[in-house]
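Residue-level listing of the chains:
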Amino acid sequence: MTDLFSLHGKVAVVTGGGRGIGVMIARGLLQAGASVYLSSRKEAELAAAVAELSPLGRVEAVPADLGTAEGVQTLTDALTTREEALHALFNNAGANWGAPFAEFPESGFDRVFDVNVKGVFLLTRALVPMLQAGATERDPARVVNTGSVDGFHTPERGRNNFSYAASKAAVHMLTKHLATELAPRILVNAIAPGLFPSRMTKVLLSAGEEAVGAALPLGRVGEPDDMAGIAVFLASRASAYVTGTVIPIDGGVSTIR
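Residues numbered from 1 in each chain as written. Predicted model: local features only at pLDDT ≥ 70, side-chain atom pairs only at ≥ 80, totals over all residues. Heavy atoms only, no water.

The name given to the protein chain in an unreviewed UniProt entry is 3-oxoacyl-ACP reductase, with Mycolicibacterium doricum as the source organism. Its UniProt record gives the protein chain a comment under Sequence similarities (unreviewed entry), which states: "Belongs to the short-chain dehydrogenases/reductases (SDR) family." (UniProt positions renumbered as here; feature names shortened; annotations may be inferred.)

Written as structure tokens, this is what we have:
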């Protein structure tokens, strides 16, 4: 079992790695033995994440705006100069936008879809050669995309996150399409997080984590170990026969909506 879930000798990339779910994923990967590259737009957040995580293993930062082709190229160039192969890519960079229906701006769709959907496609395609180099017949390379429970169901009226919910539904379908395209050397799956403490969920958790969590089937919001566990599973040999899936990590929310 230890070998089945081990990531020793593997190299992983986590986008959106400066805070929130990205840091939770990176922590799990490092604890399982992987070397990790973090990327996001904000250098200060990346520096803080590296300082926090470096006692756990080798972790480096590459600042890049992954909602642009230029940012994708920046990260790709940095990785190809430092590594010969990659074993796992976590497409976790995300953007959100909230505004009432009548006022929702075009830019709110453009930015969200550029980061959440187009960036996932462009970065995955750019890193396919490195992922193929890291793949073996028994243990393929991995791509794990971050979707959302909002990509499964219609949010409550007043949430006003039209572009975000639509983009996450697109991520789920893109995951299945890429899984078909890249098999068998690269496995592609998605996670669909529910409520985890982060800057993006700050408003939703404004009543307090305990109060909000009590209304969920499992009685609590997500914790860092919940995200670390699924990340290690999807990056390790334990998931070598899993591709094209979208796995809710939501405390049961998707069962009641």
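Having seen the structure, we can now continue with the description.
In contact at an axis separation of 9 Å, helix H4 (residues 106–134) and helix H5 (residues 162–182) are set at 15° when each is read in the N-to-C sense. Our classification of the angle between H4 and H5 gives roughly parallel. The handedness of the crossing between H4 and H5 is right-handed. Across from Gly108, Phe109, Val112, Phe113, Asn116, Val117, Val120, Phe121, Thr124 and Val128 in H4, the residues of H5 making contact are Phe162, Ser163, Tyr164, Ala166, Ser167, Lys168, Ala170, Val171, Leu174, Leu178 and Leu182. Looking at side-chain class alone, the contact of H4 with H5 contains 15 nonpolar, 5 polar and 1 charged residues. (Axes fitted to C-alpha atoms, helices over the stretch in contact; angles between N-to-C directions. Helix = DSSP H or I, 4+ residues; strand = E, 2+ residues; numbered from the N terminus. Parallel < 35°, antiparallel > 145°, perpendicular 65-115°, else oblique. Left-handed = near helix turned anticlockwise from the far one by under 90°. Contact = heavy atoms within 4.5 Å. Nonpolar A, V, L, I, M, F, W, Y, C, P; charged D, E, K, R; others polar.)

This next bit is on the side chain of Thr76. By the element assignment, Thr76 lies in helix H3 (residues 69–82). A distance of 2.8 Å separates the side chain of Thr76 from the backbone oxygen of Val72, its partner in a polar contact. Dropping the residues within four chain positions of it, Thr76 is found in contact with Leu123, Ala126 and Leu127. (Polar contact = N/O pair within 3.5 Å; in protein donor to acceptor, adjacent residues only side chain to side chain.)

A word on the pairing of strand E5 (residues 141–146). For E5, the tally of buried residues reaches 6 of 6 residues, placing the bulk of the element in the interior. Neither face of E5 is left uncovered, since the one carrying Ala141, Val143 and Asn145 and the one carrying Arg142, Val144 and Thr146 both have all their residues buried. Of the strand pairs in this sheet, strand E4 (residues 88–91) and E5 are connected by 4 bridges, and their pairing is parallel. Counted as the bridge partner of Asn91 is Asn145 from E5. Tracing the backbone out of E4, into H4 and back to the parallel element E5 gives a crossover that is right-handed. As paired strands, E5 and strand E6 (residues 186–193) are joined by 6 bridges and run parallel to one another. Counted as the bridge partner of Asn145 is Ala190 from E6. (Buried < 20%, exposed > 50% of the residue type's maximum accessible area, 1.4 Å probe, protein only. Pairing = 2+ DSSP bridges. Right-handed = clockwise from strand over helix to strand, strands pointing away.)

Here we take up the pattern of salt bridges. Across all of its chains, the model carries 11 salt bridges by this definition. A salt bridge links Asp139 to Lys10; the shortest N-O distance between them is 2.7 Å. With a gap of 129 residues between them, Asp139 in the loop between H4 and E5 and Lys10 in the segment before strand E1 (11–15) connect regions that are remote in the sequence. No difference in accessibility class separates Asp139 from Lys10, as the two residues are buried. A salt bridge links Arg82 to Glu60; the shortest N-O distance between them is 2.9 Å. (Salt bridge = Lys/Arg side-chain N within 4 Å of Asp/Glu carboxyl O.)

Compared with the 30 Å implied by 1.5 Å per residue over 21 residues, the 30 Å span of H5 between its first and last C-alpha is a close match. Those residues of H5 not exposed but buried are Ser163, Tyr164, Ala165, Ser167, Lys168, Val171, His172, Leu174, Thr175, Leu178, Ala179 and Leu182. The inward-facing, buried residues of H5 abut H4, E5, E6 and strand E7 (246–249). (Expected span 1.5 Å × (residues − 1).)

This part covers the pairing of E6. Residues in a regular strand point their side chains to alternate faces of the sheet. For E6, the tally of buried residues reaches 8 of 8 residues, placing the bulk of the element in the interior. The two faces of E6 match: Ile186, Val188, Ala190 and Ala192 on one face and Leu187, Asn189, Ile191 and Pro193 on the other face are all buried. As paired elements, E6 and E7 share 4 bridges and run parallel to each other. Within E7, the residue paired with Ala190 across the bridge is Val246.

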